[in-house]
Amino acid sequence: MSVLPFSGVRRRLLAGLLCCSLALAGCGSQSAGQPTGEGGQAEVEFWTMQLKPDLDAYMTQVIQKFEAQNPGVKVRWVDVPWADMERKILAAVAAGTAPDLANLNPPFAMKLAERGALVDMNAAVPAQDQALYFPNIWQANALDQQVFGIPWYLSTAVTIYNADLLKQAGLSQPPATYQELAVAARQIKQKTGKYAFMPAFDGGQMLESLVQMGVKLTDDQGRAAFNTPEGRAAFQYWVDLYQQGLIPRDSLTEGHRRAIELYQSGELVM
């Protein structure tokens, strides 16, 4: 992740996506560069989402490197539980105490970008730093031709499954397609009383699934284009699973942490 020079402009909130990073602007009441740390040092406040304790060593190394490259600047790292981040960010913004940097998820960051609260990173980040990223990844955070985030990291999805429960359901291997998943979900529920899986509707999984089902989300003008037979069929897929009780009822109100809890307690097969 490229870090902007710490200069005497208004405090800016840079928000990091799960798969890409974002940037928010002008939320704090102080001016960047104002001494706030010990010994009159300027302080950068950095919020992350539930990285401790697994990434303590890595984050400490990154912070130390940044401080060495920027004498007189101290980084204060605050790690926030996933479920609390949106509420805490909104409260901090309202109070004029927003952090300088924050790791956010894509849907929430997009809401902030739509309200014009994010820094235009095309203007804020030098071209040579932008060139460090794959062009499509850099543009993934674009809204109305403005890039509101710095790429943080990319990831891929993996499936872990309870082999014993899968066997109890009469399945030799986990499903490989959405069609197979619907069939497996019904069979697992009937034979074990468990849920096959819990979709994470708190992130971008819903939209990602529509694309994977062959749905075009937007047209060439950036307007919604998913009100098509394919789009309605893909959305109905999830409606059917929910109404038939094949995914947990709290899929609509809880996030991926709940799915982890259910899997660990043996209530989810995958």
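Residues numbered from 1 in each chain as written. Predicted model: local features only at pLDDT ≥ 70, side-chain atom pairs only at ≥ 80, totals over all residues. Heavy atoms only, no water.

Enquirer: Would you mind showing me how to read the nonpolar core here?
Expert: Buried together is how nonpolar side chains tend to be arranged in soluble globular proteins. Among the nonpolar cores identified, the biggest contains 22 residues, and Ile188, Phe197 and Leu241 are the most heavily contacted of them. Taken together, the elements giving at least two residues each to this core come down to helix 7 (163-168), helix 8 (178-192), helix 9 (205-212) and helix 10 (229-243). Residue contributions to this core peak at five residues, all from helix 8. Every residue in contact with Leu241, bar those within four places of it in the chain, is listed here: Ala182, Phe197, Leu246 and Ile247. Judged by nonpolar contacts, the second largest core, of 15 residues, contains Met85, Ala92, Leu112 and Leu118. (Core = buried A, V, L, I, M, F, W, Y, C linked by side-chain atoms within 4.5 Å. Buried < 20%, exposed > 50% of the residue type's maximum accessible area, 1.4 Å probe, protein only. Helix = DSSP H or I, 4+ residues; strand = E, 2+ residues; numbered from the N terminus. Contact = heavy atoms within 4.5 Å.)

Enquirer: Teacher, can you tell me more about the packing of aromatic side chains here?
Expert: The relation between two aromatic rings is expressed through the spacing of the ring centres and the mutual angle of the planes. Under the counting rule described, the total for this entry stands at five aromatic pairs. Relative to Trp238, the ring of Tyr178 has its centre 6.1 Å away and its plane inclined at 80°; by these criteria the two rings are edge-to-face. Of the two residues, Tyr178 is situated in helix 8 and Trp238 in helix 10; the sequence distance between them amounts to 60 residues. The exposure class assigned to Tyr178 is partly exposed, which follows from its relative accessible area of 24%. Aromatic ring contacts, followed pair by pair, group Tyr178, Phe197, Tyr237 and Trp238 into a single cluster. We note Lys189 situated over the ring of Tyr195; from NZ or CZ to the ring centre the distance is 3.8 Å. (Phe/Tyr/Trp six-rings, centres within 6.5 Å; stacked < 30°, edge-to-face > 60°. Lys NZ or Arg CZ within 6 Å of the ring centre and 35° of its normal.)

Enquirer: Would you mind going over the pattern of salt bridges with me for this structure?
Expert: Pairing between side chains becomes possible if they bear opposite charge and their charged atoms approach one another. Under the counting rule described, the total for this entry stands at eight salt bridges. With a shortest N-O distance of 3.4 Å, Arg76 and Glu43 are connected by a salt bridge. Taken as a pair, Arg76 in strand 4 (residues 73-80) and Glu43 in strand 3 (residues 42-49) lie far apart in primary sequence, 33 residues in all. A salt bridge links Asp250 to Arg258, with the nearest nitrogen and oxygen atoms 3.2 Å apart. For Arg258, a relative accessible area of 29% corresponds to the partly exposed category. Three or more residues joined by partner-sharing salt bridges are found here, namely Glu43, Glu45 and Arg76. (Salt bridge = Lys/Arg side-chain N within 4 Å of Asp/Glu carboxyl O.)

Enquirer: Even after reading the chapter, I still don't get the pairing of strand 3, so can you show me in this structure?
Expert: The buried fraction of strand 3 is high, at eight of eight residues. Taking every second residue as pointing to the same face, both faces of strand 3 are buried, with Ala42, Val44, Phe46 and Thr48 on one and Glu43, Glu45, Trp47 and Met49 on the other. Pairing geometry for strand 3 and strand 4, over eight bridges, is parallel. Within the sheet, the bridge partner assigned to Trp47 lies in strand 4 and is Val78. Of the crossover connections in this fold, the one passing from strand 3 over helix 1 (residues 56-69) to the parallel strand 4 is right-handed. (Pairing = 2+ DSSP bridges. Right-handed = clockwise from strand over helix to strand, strands pointing away.)

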